[in-house]
Amino acid sequence: MQNNVLGVLKEHENKLLTIWSQILQDSGSGDGAMEEEESKEFASLFLSALAKSDEKNEQSQEFEKVEDLIVGISSSRGKRGFSPRENAQYLLSFKEAASQILSELIKDPAQLYEANLKFSAILDNLMIMTFESFMKGREDVIARQVDEISEISTPVIAVWEGIVALPIIGTLDSSRTQTVMENLLQQIVDTGSSIAILDISGVPAVDSLVAQHLIKTVSATRLMGAECIISGIRPEIAQTVVHLGIDLTGITTKASLASALQTAFDMLQLSVVKRRKIVD
Amino acid sequence: MERIPILKMGDFLLVTIQVDLYDQLAENLESDLINTISKHSSKGVLIDISAVSIIDSFMGRILGNIAVMSRILDAQTVVVGMQPAVAITLVELGLSLNGVISALNVEKGMDLLRSKMHYSDNEEQEYDDNNE
Amino acid sequence: MTTTTNNKEEALILREQDVVPLRNRVKEYGVKIGMSILNQTKLITATSELVRNLLKYGGGGKVIIESVSNGRDNGVRVTFIDNGPGIADIDLAMKDGYSTGKSLGLGLPGTKRLVNEFDIKSELGNGTTVTITKWKNG
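It should be emphasised that the depicted structure is a prediction, and the values quoted were computed from it without experimental measurement. (Residues numbered from 1 in each chain as written. Chains lettered and ligands numbered in written order. Predicted model: local features only at pLDDT ≥ 70, side-chain atom pairs only at ≥ 80, totals over all residues.)

## A closer look at the interface of chain C and chain B
The accessible area lost on association of the parts is a frequent measure of interface size. Rule in force here: Distance between backbone-placed C-beta atoms decides contact: two residues are in contact if it is within 7 Å. Only runs of H or I of at least four residues qualify as helices and only runs of E of at least two qualify as strands under DSSP, and these elements are numbered from the N terminus. Residues are grouped as follows: Ala, Val, Leu, Ile, Met, Phe, Trp, Tyr, Cys and Pro are nonpolar; Asp, Glu, Lys and Arg are charged; all remaining types, including Gly, are polar.
At the interface, 21 residues of chain C touch 18 residues of chain B. Looking at the side of chain C that touches chain B, the elements with two or more residues in it are helix H1 (19-32), helix H2 (37-56) and helix H4 (107-114) of chain C. When residues of the side of chain C that touches chain B are assigned to their parent elements, the largest contribution, nine residues, is made by H2(C). Looking at the side of chain C that touches chain B residue by residue, the classes come out as eight nonpolar, six polar and seven charged.

## As for unusual backbone geometry
All names here are of chain B. Basically, it comes down to this: Partly exposed residues are those whose C-beta has more than 12 but fewer than 20 other C-beta atoms within 10 Å; with 20 or more the residue is buried, with 12 or fewer it is exposed, and the C-beta atoms are placed from the backbone.
The backbone of Ser 41 shows a phi angle near 45 degrees, a positive value even though the residue is not glycine. When you line up the elements, Ser 41 lands in the loop between helix H1 (23-40) and strand E3 (44-48). Of the residues examined, Ser 41 has 10 C-beta atoms within 10 Å and is grouped as exposed. Within the chain, Leu 97 stands out as a residue other than glycine whose phi angle is a positive 50 degrees. With respect to the helices and strands, Leu 97 occurs in the loop between helix H3 (84-93) and strand E5 (101-103). Under the C-beta neighbour-count criterion, Leu 97 is labelled buried, with 22 such atoms within 10 Å.

## Observations concerning the domain arrangement of chain A
Where we set the bar: Marked domain ranges trace back to an automatic or database domain assignment.
Once the domains are mapped, chain A shows domain 1 (7-149) and domain 2 (157-267). Using C-alpha coordinates to define each centre, domain 1 of chain A is positioned 55 Å away from domain 2 of chain A.

## Side note on the pairing of strand E1 (residues 4-13) of chain C
Residue and element names in this part refer to chain C. To keep things clear, this is the line we draw: Note on pairing: DSSP must find at least two bridges between two strands before they are called paired.
Counting buried positions over the 10 residues of E1 gives one, only a small fraction of the element. Strand direction decides the pairing type here: E1 and strand E2 (residues 61-69), joined by nine bridges, are antiparallel. Note that in E2 the partner of Lys 8 across the bridge is Glu 66.

## What to know about helix H6 (residues 174-191) of chain A
Defined as follows: Expected span of a helix: the number of residues minus one, times 1.5 Å.
The end-to-end C-alpha distance of H6(A) is 26 Å, a good match for the 26 Å that 18 residues give at a rise of 1.5 Å each. Where the residues of H6(A) are buried, they touch strand E2 (163-169), strand E3 (195-202) and helix H7 (208-224) of chain A, H3 of chain B together with H2 of chain C. Trailing H6(A) by a residue or two, Gly192(A) shows a phi angle of about 65 degrees, which is positive.

## Structural notes on the nonpolar core
Filter applied, for reference: As used throughout, a nonpolar core is a set of buried Ala, Val, Leu, Ile, Met, Phe, Trp, Tyr and Cys residues joined through C-beta atoms within 7 Å of each other.
Grouped together as the largest cluster of nonpolar side chains are 98 residues, with contacts concentrated most on Ala196(A), Ile197(A), Met224(A), Ala87(B), Leu90(B) and Val51(C). Setting aside residues up to four positions removed in sequence, Ile197(A) forms contacts with Ile163(A), Ala165(A), Ile229(A), Ser231(A), Leu257(A), Ala260(A), Leu261(A) and Ala264(A). Core analysis: the next-biggest nonpolar cluster, separate from the first, contains 22 residues, Tyr90(A), Ala97(A), Ala98(A) and Leu126(A) among them.

## Points about the sheet that holds strand E4 (residues 117-123) of chain C
All names here are of chain C. What counts here: The axes are straight lines fitted to the C-alpha atoms, using for helices just the contacting stretch, and the angles between their N-to-C directions are given from 0 to 180°.
Spatially, E1-E2-E3-E5-E4 is the arrangement adopted by the five strands of the open sheet, whose pairing is antiparallel. Two strands in the sheet have a free side with no partner beyond their single neighbour: E1 and E4. Each strand of the sheet is rotated relative to its neighbour by a mean of 15 degrees, with strand direction disregarded. Bridge analysis of strand E3 (residues 74-82) against strand E5 (residues 127-135) gives seven bridges, and the strand direction is antiparallel. Residue Thr 79 lies in a different strand from E5, and its bridge partner there is Thr 131. With respect to the sheet, H1 is in contact with E1, E2 and E3, its orientation differing from that of E2 by roughly 5 degrees.

## A few points about the environment of Met35(C)
Within the secondary structure, Met35(C) is located in the loop between H1 and H2. As a C-alpha pair, Met35(C) and Val130(C) span 95 residues in sequence and 22 Å in three-dimensional space.

## A few points about the pairing of E4(C)
For a regular strand, side chains alternate in direction, first toward one face of the sheet and then toward the other. All names here are of chain C. Relative to E5, E4 runs antiparallel, the two sharing seven bridges. For Lys 121, the partnering residue across the bridge sits in E5 and is Thr 129. Hairpin connection, E4 to E5: the antiparallel pair is bridged by three residues, and Gly 125 has positive phi, about 85 degrees.

## Focus on the sheet that holds strand E1 (residues 6-9) of chain B
All names here are of chain B. Spatial ordering of the open sheet is given by E1-E2-E3-E4-E5, a layout of five strands whose pairing is mixed. On the outer flanks of this sheet lie E1 and E5, each paired with one strand and no other. Neighbour-to-neighbour, the strand axes of this sheet turn through a mean angle of 25 degrees, independent of strand direction. Two elements, strand E4 (residues 76-80) and E5, share three bridges in a ladder whose sense is parallel. Bridge pairing in E5 links Val 78 to Ile 101.

## What to know about the packing of H1(C) against H2(C)
All names here are of chain C. To keep things clear, this is the line we draw: With respect to orientation, any angle under 35 degrees is reported as roughly parallel, any angle over 145 as roughly antiparallel, any angle of 65 to 115 as roughly perpendicular, and every other angle as oblique. It is the rotation of the near helix from the far one that decides the hand of a crossing: anticlockwise by less than a right angle makes it left-handed, clockwise makes it right-handed.
Packing of H1 against H2 leaves a shortest axis separation of 10 Å and a crossing angle of 150 degrees. Looking at the two axes, H1 sits roughly antiparallel to H2. Between H1 and H2 lies a crossing of right-handed hand. When H1 is examined against H2, the residues Val 19, Leu 22, Arg 23, Val 26, Lys 27, Gly 30 and Val 31 are found in contact with a partner set consisting of Asn 39, Gln 40, Leu 43, Ile 44, Thr 47, Ser 48 and Val 51.

If you want it as structure tokens, here you go:
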């Protein structure tokens, strides 16, 4: 009896299921038929594992299946729109149901305490696993979004034959700088452009790190044999750059994209001429 | 010993590096090229590195050396066709190849060499402006 | 985060001619895990710098290439082991512009900027071990 204390729960599987689903209903985190199936499968597998492991007194083998199942259930519940709280409630109420049954079965307080403790330890471990799988699902989504943002936020525009422009929107960190540089340089090669305009109107602040990234981009462009103009420098950016003591003297900077384009035209010896109106 | 071929085209020399460089090969290129410039009194050197997938600090230094040495011999050097990944890596490494003039491709490189020859009187001035 | 090794090989580097095949092997490891051209180039350039040090200061040595994974990302790890004289002051050697040879002094600090993880161990008289890791999305 002493050894198989948790194994007896298997004999009361149906009762446990009833109590469990009742608690879930009361707490408002149940969702009917679909869940009943899941819960049945979980309770059956879990209690069998418990019964077997109690006999042999070792857990790892039998519980692997249970762990896989509960991770699957929790991620499917996550997708069905349950909140983290409801997800946690699912296993917590199972624990509550089991402890109710245990207290009916075991009359000796010391034994009951020990059984509860043992059961809690096993279930807490499962709780941690569901939490981890929940977090991992979230992190995967975030990682994918980060990739997407860095992909879509760096369009390179061919503004004229031989001139490409790249407006940068948002903060320029080192991983974005790399994406920006890669896109810009590849476009320079593909279009055979000898002038690139980097517009930073959409960059909220320029600190020494961002400035360093800009300087790197300009240097890389020059190594390829193209010239790089930085435009969209707002007055407050000019102020911070000087206050921080950042040296931008080697770089052609312009206040607006329009004046950068004008400079690019000059470099290519092009000029825009206003056409004279033909008067009849 | 493996060597990189140097082609003579009128006043210019054309070098197309088709293999990945290692130190000895790069050193040989440096001395071969300088000797050839001197022999033919060449006015310009075009080095096409579009097939080169890696340039580290040593090879970068050799390119810089070639540019400076040829200038002493009154020849302009233009490096053309650097791969974007190579350019970014060089910048990250901290090597900006000061003194080396680049162009996007062979055609633009040739144009650049010809224009340099035209203004050979004030080219030194232009150099400093471009490569600070 | 624990790192696991999926694939591994060793190469002996004793002459300068061994460098090009080594670079190609490292590149193949990068290609196999789908590393971008830029990250491949950075990794190979870093390898090239370190293998030069291995030949120049260590008199040659052993290079281990590994394909590694940390559960979230895959990467390539390269370890350079020599039995040369070692480095007296690692902090100094890691400073930009410092060099004992007549190179540019970009070697170690420049190399560090090209990779995601850089680890150097050296003991006077007992050689130097440098380990670099480049992650696919790093």
